[in-house]
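Next come the chains, spelled out residue by residue.
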Amino acid sequence: MKNSEPYRLRSISELHRIAGIAKPHHPLISILNLEGLANNTDITSVIFDFYVVSMKRGCDKLFYGQQKYDFDEGVMAFLAPGQILRGEDNGMPHNLRGWMLFIHPDFLWNTSLAKKIKQYEYFGYSTNEALFLSDKEESVINSIVDNIRNEYSSNIDKFSQDVIVAQLEVLFTYAQRFYERQFITRKITNSKILNRVEEVLADYFNNEDLLSEGLPTVQYVASELNISVKYLGSLLKQLTGQSTQQHIHEKLIDKAKEKLSTTSLSISEIAYELGFEHSQSFSKLFKTKTSQSPLEFRASFNL
């Protein structure tokens with residue numbers, strides 16, 4: 001009988017046991033080749049207590065939250081500790097090709113990556129926002145992973161951790177470069193997302209939600225687009241130089257200008273209709289964005 005609750009993997013050793021392979025060479029870091037791994041059909045979802053970097057080709061569909069992603073091409077995905085990965089109805093995915101790198105947070109203590117790893121936003125991206133690699137890029141990544149595997153499989157000495165951490169930093173830096181390349185090269189898809197951002201905000205500001213729900217949040221916009229907050233922010237920053245919050249404020253100011261120029265509503269009434277509890281907050285934001293107070297804008301418009 002399948003367990004509907006996610007199975008929590010707390011150690012690299014337990015991971016190896018569940019996967020049906022020999023004990024790990026190192027207790028805090030491991031790279032598994034995915035071909036031929038045991039598929040435990042009683043486990044349909046997993047929570048890892050460590051960082052996971054994966055390179056997969058041609059495997060079954062995976063879900064991240066409610067989103068489905070089909071790994072038909074060579075792609076990378078990144079999970080931070082505590083995130084859930086689940087497969088289809090028959091347990092965790094099978095017919096896998098590629099590898100998965102597991103890094104326990106304890107391995108990074110007292111190293112340069114202990115804090116820096118939290119700065120790599122792609123560990124917060126969903127599986128369906130994975131990184132697509134060219135053959136050349138994939139070769140670069142695989143070479144680094146081979147270096148890491150060779151190091152922890154050798155005799156461990158006082159230099160081993162420093163060598164592996166240095167390789168991990170190179171790996172993560174290349175991933176950052178390739179993600180930024182992806183934002184640029186996937187222009188059609190990304191332009192559609194940008195258009196959808198505009199549509200979501202326009203719809204929100206044109207209906208009753210402002211009065212009942214207040215201003216739209218970054219989380220709301222991301223959920224409407226079915227992508228993560230961090231991925232949306234990174235994408236918009238690359239495409240426009242603005243954050244998601246700045247886009248929300250830009251649409252808000254456009255709506256405020258419309259009301260200031262076409263209605264006789266008071267500043268307080270406009271602030272209320274735009275989802276502000278206090279008109280002072282609205283006036284402050286408006287002046288920050290336009291260098292004019294709402295009254296000054298209305299007066300200049302009516303000249």
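Residues numbered from 1 in each chain as written. Predicted model: local features only at pLDDT ≥ 70, side-chain atom pairs only at ≥ 80, totals over all residues. Heavy atoms only, no water.

- For the protein chain, an unreviewed UniProt entry supplies the name Helix-turn-helix domain-containing protein and the organism Dyadobacter soli.

**Here's the deal with the overall build of the protein chain**
Thinking step 1. When its secondary structure is counted, the protein chain shows 12 helices and 10 strands.
Thinking step 2. A buried classification covers 45% of the 303 residues belonging to the protein chain.
Thinking step 3. Expressed as a percentage of contacts within the protein chain between residues at least 6 apart in sequence, the contacts between residues at least 24 apart total 72%. (Helix = DSSP H or I, 4+ residues; strand = E, 2+ residues; numbered from the N terminus. Buried < 20%, exposed > 50% of the residue type's maximum accessible area, 1.4 Å probe, protein only. Contact = heavy atoms within 4.5 Å.)

**A closer look at the pattern of salt bridges**
Thinking step 1. In this structure the tally under the stated criterion is 10 salt bridges.
Thinking step 2. A salt bridge links Arg-149 to Asp-146, with the shortest nitrogen-to-oxygen separation between them at 2.9 Å. Of the two residues, Arg-149 and Asp-146 both sit in helix H3 (residues 135-153), 3 residues apart, roughly one turn of that helix.
Thinking step 3. In this structure, the salt-bridge partner of Glu-273 is Lys-259, at a minimum N-O distance of 2.8 Å. Residue Glu-273 is located in helix H10 (residues 267-273), and its partner Lys-259 is located in helix H9 (residues 244-262); the two are separated by 14 residues in the primary sequence. (Salt bridge = Lys/Arg side-chain N within 4 Å of Asp/Glu carboxyl O.)

**A closer look at the nonpolar core**
Thinking step 1. Residues Phe-123, Leu-168 and Phe-172 are the most contacted members of the largest nonpolar core, which totals 65 residues.
Thinking step 2. Looking at which domains feed residues into this core, each of domain 1 (7-184) and domain 2 (207-300) gives three or more.
Thinking step 3. The residues contacting Leu-168, other than those within four sequence positions of it, are Ile-29, Leu-101, Ile-103, Phe-107, Leu-108, Leu-113 and Ile-148.
Thinking step 4. Listed in part, the 14 residues of the second largest apolar core include Leu-9, Leu-32, Leu-79 and Phe-102. (Core = buried A, V, L, I, M, F, W, Y, C linked by side-chain atoms within 4.5 Å. Domains from an automatic or database assignment.)

**What to know about the pairing of strand E3 (residues 45-48)**
Thinking step 1. Of the two faces of E3, the one carrying Ser-45 and Ile-47 and the one carrying Val-46 and Phe-48 are both buried.
Thinking step 2. Both strand E1 (residues 7-9) and E3 contribute to a ladder of 3 bridges, which runs parallel. In the strand pairing of E3, Tyr-7 is matched with Val-46. (Pairing = 2+ DSSP bridges.)

**Notes on the environment of Phe-183**
Thinking step 1. Relative to the helices and strands, Phe-183 is located in helix H4 (residues 160-185).
Thinking step 2. Looking at Phe-183, the relative accessible area reads 3%, which means it is buried.
Thinking step 3. Spatially, the C-alpha atoms of Phe-183 and Lys-237 are 9.7 Å apart, while their sequence positions differ by 54 residues.
Thinking step 4. Apart from residues no more than four positions distant in its own chain, Phe-183 is found in contact with Tyr-125, Asn-190, Tyr-231, Ser-234, Leu-235, Gln-238 and Leu-239.

**Thoughts on the packing of aromatic side chains**
Thinking step 1. A complete count under the given rule lists 22 aromatic pairs for this structure.
Thinking step 2. With a centroid separation of 5.9 Å and an interplanar angle of 55 degrees, the aromatic rings of Phe-282 and Phe-286 are classed as tilted. Of this pair, Phe-282 and Phe-286 both sit in helix H11 (residues 279-290), 4 residues apart, which is roughly one turn of the helix.
Thinking step 3. Here Phe-282 falls in the buried class, since its relative accessible area comes to 1%.
Thinking step 4. Among the aromatic residues, ring-to-ring pairing joins Tyr-51, Phe-78, Tyr-120, Tyr-122, Phe-123, Tyr-125, Phe-172, Tyr-179, Phe-183 and Tyr-231 into one connected group. (Phe/Tyr/Trp six-rings, centres within 6.5 Å; stacked < 30°, edge-to-face > 60°.)

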